[in-house]
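Listed here are the chains, written in short residue letters.
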Amino acid sequence: MAVPSGEGTAHVLARQMEDWYKDAIIYEVFVRSFRDGNGDGIGDFQGLTEKLDYIRELGATCIWLLPFYESPLNDDGYDIADYYKIHPDYGTMEDFETFLQAAKLRGLRVIADLVVNHTSSDHWWFKEAVANPDSKYHDYFVWSETGQEYSDARIIFCDTETSNWTLHPKVGKYYWHRFFSSQPDLNFDNPEVQEEMVRIIDFWLSKGLDGFRVDAVPYLFERENTICENLPETHQYLRKLRKYVDENHPEAMLLAEANQWPADVAEYFGTDDDPEFHMAFNFPLMPRMFMAIRQENRKPIEEIVRQLPDIPFHAQWAMFLRNHDELTLEMVTDEERDYMYDTYARDPRMRINIGIRRRLFPLMDKNRRAIELLHSLLLTLPGSPVLYYGDEIGMGDNIYLGDRSGVRTPMQWNGDRNAGFSSSDPSRLFLPAIIDPGYSFYGVNVEEASRSESSFLNWLKRVLTIRKQHPCFGRGTIRFLHPENTRVITYLREHEGDTYFIVNNLSRFSQYVEVDLHEFNGYTPIDIFGDVEFPRIGELPYLVTLGPHGFYWFRLRKEDGR
Ligand code: GLC
Ligand code: CA
């Protein structure tokens, strides 16, 4: 990597230690679904530890764990009953520590979900709040005599809940919840709640975690006559939290889950002087990649990127195609939503709340070229990519399972019993493995994919290796070029003197573009997949032809050979 003049190597290394997230490739794992180590039909830390080499060999550098804490699992662990305990299904604290050590040994970072906004109604704070309204824990939650307040706040789980208030029969008062009624919101106006979060953060970071994906951050505070999202009080608290983390755990990274419009998401980065999150998911861009490829037009991507404010130097987008939730369509226009439902979720069972509960391969109808193109966008637009377990082998989904379980089925390791996920009786599995023709684990599994040179898995491994060799993709600036052909999206990524020229064909037919590259007159584009030299750039527009859903990642080499 080029060392900028004036900076010593040690300084650069130190800087990279602290902003490691800018070069990260994050792999999202649900412990429950990944690998069952003790044969009881449920994934656990012992099993996950066995599979760390797989994750490393895939090319991931950081694991994001969905909640693994004590929980009644009404929302797969996003309903926490004890922040300091491992769910017994997943093993013991020792198993967790063994896993963490084994991950570190392999150079893998680990971040975990931190659910700040709410607890489970099984949390002893809530039980105490209910049993004893005079106790200090009563004020850990948000109560109302009438259940009429904050009526401008939307209902997120709109397929299940009819109100954000639920009357608690024992207390005779309503409690506030932005998600399921079994997930009472914490009262962040209470300084003691604020401090509880700091204690939890300390506990886990001291064990060696590298940071958190912080769940549902826009909803921490409530104020009358607002939509109770993105409030100044919420940002103020989060910045305090960040300051604490920076002072006490300088290498830790905080990643925001804020499903919001462009300007509102970007607020979660704070500023370089007063930072908030290191990373935030690029929720605005995600659905627009799917739109652009279906419409065969770059406009949805370019328009949304134009609306995204420049982010501070310390900040980084988390780029993703799919995750453990529905493909959310909350932050698109009504028209765009209709379009997305129409093209990607014809069957009403594919829809949930305001989104689409499908995995990547079924969504794209297994169109390998289109899926590769989506990954070209994912890996070359600014940010660090987040991959969802199972998508790398083209796993299918099961829309007949409840809630979002259909995209959380057991990881498919081989064609043996239970897809090699567990040695238990098949009926004991926490969720059935996928057996539908076309996606059955007999054919769709890691063993099979590893054997075939041309599998998507092996393709992705190669592409991730290449991406890692070019820090510009994680760190560089972006400049869109605007050739006449709108079926092609093309941009320059630039970083410390390196320039990359990316061309993506969104169309299912061959295309050509003429790109104005005269400022690089004399440079030679090198296709970095095969180290292939292309004709030198001149004064005239540069002509590129592309096959269906084709793409190029060119490095521009100067005349002097650099
Ligand atoms: C986040 C999680 C989702 C969960 C919700 C409530 O959106 O991604 O899975 O249900 O928060 O905690
Ligand atoms: Ca188990």
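Everything below is about the structure printed above this text.
Residues numbered from 1 in each chain as written. Chains lettered and ligands numbered in written order. Predicted model: local features only at pLDDT ≥ 70, side-chain atom pairs only at ≥ 80, totals over all residues. Heavy atoms only, no water.

Considering the overall build of the protein chain
Within the protein chain one finds 17 helices and 24 strands. Compactness check: the protein chain gives a C-alpha radius of gyration of 24 Å against a globular reference of 24 Å for 562 residues, within 12% of the reference. Considering only C-alpha atoms, the protein chain reaches an extent of 80 × 55 × 50 Å along its principal axes. For the protein chain, with 562 residues in total, the buried portion stands at 62%. If you take every contact in the protein chain between residues at least 6 apart in sequence, the share linking residues at least 24 apart comes to 69%. Accessible surface for the protein chain amounts to roughly 22000 Å². Of this, 48% is attributable to carbon and sulfur atoms. In the protein chain, which carries 59 positive and 90 negative side-chain charges, the distance between the mean positions of the two groups comes to 5 Å. (Helix = DSSP H or I, 4+ residues; strand = E, 2+ residues; numbered from the N terminus. Rg over C-alpha atoms; globule rule 2.2 N^0.38 Å. Buried < 20%, exposed > 50% of the residue type's maximum accessible area, 1.4 Å probe, protein only. Contact = heavy atoms within 4.5 Å. Areas by Shrake-Rupley, 256 points an atom, 1.4 Å probe, with all protein chains shown as cover. Lys, Arg positive; Asp, Glu negative; His and termini not counted. Charge placed at Lys NZ, Arg CZ, Asp CG, Glu CD.)

Some points on the pattern of salt bridges
Using the criterion set out here, one finds 47 salt bridges in the structure. Notably, a salt bridge pairs Glu453 with Arg462, separated by 3.5 Å at the nearest N-O pair. Taking the relative accessible area as the measure of exposure, Glu453 reaches 61% and is therefore exposed. Here Arg462 falls in the partly exposed class, since its relative accessible area comes to 40%. Bridged by salt links that share partners, the residues Asp75, Asp76, Asp325, Asp403, Arg404 and Arg408 form one connected network. (Salt bridge = Lys/Arg side-chain N within 4 Å of Asp/Glu carboxyl O.)

Details of the coordination of the calcium ion (ligand 2)
The calcium ion (ligand 2) binds to the protein through Asp36 (OD), Asn38 (OD1), Asp40 (OD), Ile42 (O) and Asp44 (OD), with metal-donor distances spanning 2.2 to 2.4 Å. The motif formed by the donor residues of the calcium ion (ligand 2), counted along the single chain, is D-x1-N-x1-D-x1-I-x1-D. The burial state of Asp40 is the same as that of Ile42; both residues are buried. (Donors = N, O, S within 2.8 Å, 3.2 Å for Na, K, Ca; no water.)

A word on the pairing of strand 10 (residues 253-256)
On strand 10, burial covers both faces: Met253 and Leu255 on one face and Leu254 and Ala256 on the other are all buried. For strand 9 (residues 211-215) and strand 10, the ladder comprises four bridges, and the chain directions are parallel. Counterpart to Phe212 in the pairing with strand 10 is Leu254. Running through helix 8 (residues 232-248), the crossover from strand 9 to the neighbouring parallel element strand 10 is right-handed. Looking at chain direction, strand 10 and strand 11 (residues 279-281) are connected through two bridges and run parallel. Bridged to Ala256 within strand 11 is Ala280. (Pairing = 2+ DSSP bridges. Right-handed = clockwise from strand over helix to strand, strands pointing away.)

Considering the sheet that holds strand 8 (residues 173-176)
In space, the three strands of this open sheet follow the order 6-8-7, with antiparallel pairing throughout. Both edges of this open sheet fall to strand 6 (143-144) and strand 7 (165-168), since each of them pairs with a single strand only. In this structure, strand 6 lies alongside strand 8, joined through two bridges in antiparallel fashion. Each bridged residue has a counterpart across the sheet, and for Ser144 the counterpart in strand 8 is Tyr174.

Notes on the site of ligand 1
Of all residues adjacent to ligand 1, which total 13 residues, the nearest are Asp75, His118, Asp215, Glu257 and Asp325. A distance of 2.8 Å is found between an oxygen atom of ligand 1 and a side-chain nitrogen or oxygen belonging to Asp215. Contact distances for ligand 1 include 2.9 Å between an oxygen atom and a side-chain N or O atom of His324. Computed on the free molecule, ligand 1 has an accessible area of 310 Å², of which 96% lies beneath the protein chains in the complex. Its residues assigned to classes, the shell around ligand 1 comprises three nonpolar, three polar and seven charged. (Near = heavy atom within 4 Å. Polar contact = N/O pair within 3.5 Å; in protein donor to acceptor, adjacent residues only side chain to side chain. Nonpolar A, V, L, I, M, F, W, Y, C, P; charged D, E, K, R; others polar.)

Section: the packing of helix 7 (residues 191-206) against helix 8
The geometry of a pair of packed helices is captured by two quantities: the angle between their axes and the separation between those axes. Closest axis-to-axis distance for the helix 7/helix 8 pair is 11 Å, and the angle between their directions is 35°. Of the two elements, helix 7 crosses helix 8, and the hand of that crossing is right-handed. Residues Gln194, Met197, Val198, Ile201, Asp202 and Leu205 of helix 7 lie in contact with helix 8, whose contacting residues are Tyr237, Lys240, Leu241, Tyr244 and Val245. When grouped by side-chain class, the residues that make up the contact of helix 7 with helix 8 number eight nonpolar, one polar and two charged. (Axes fitted to C-alpha atoms, helices over the stretch in contact; angles between N-to-C directions. Left-handed = near helix turned anticlockwise from the far one by under 90°.)

Overview of unusual backbone geometry
With a phi close to 60°, Cys228 is a non-glycine residue in the positive phi region. Using a relative accessible area of 1% as the deciding quantity, one classes Cys228 as buried. Phi angles above zero are rare outside glycine, and Asn418 is one such case at about 55°. By the secondary structure assignment, Asn418 is in the loop between strand 16 (384-388) and helix 15 (446-451).

So, the side chain of Asp215
Positionally, Asp215 belongs in strand 9. Owing to a relative accessible area of 6%, Asp215 belongs among the buried residues under this scheme. Engagement of the side chain of Asp215 in a polar contact is seen with the side chain of Arg213, the distance being 2.8 Å. When sequence neighbours within four positions are dropped, the list of residues in contact with Asp215 reads Tyr78, Asp113, Leu114, Val115, Val116, His118 and Glu257.

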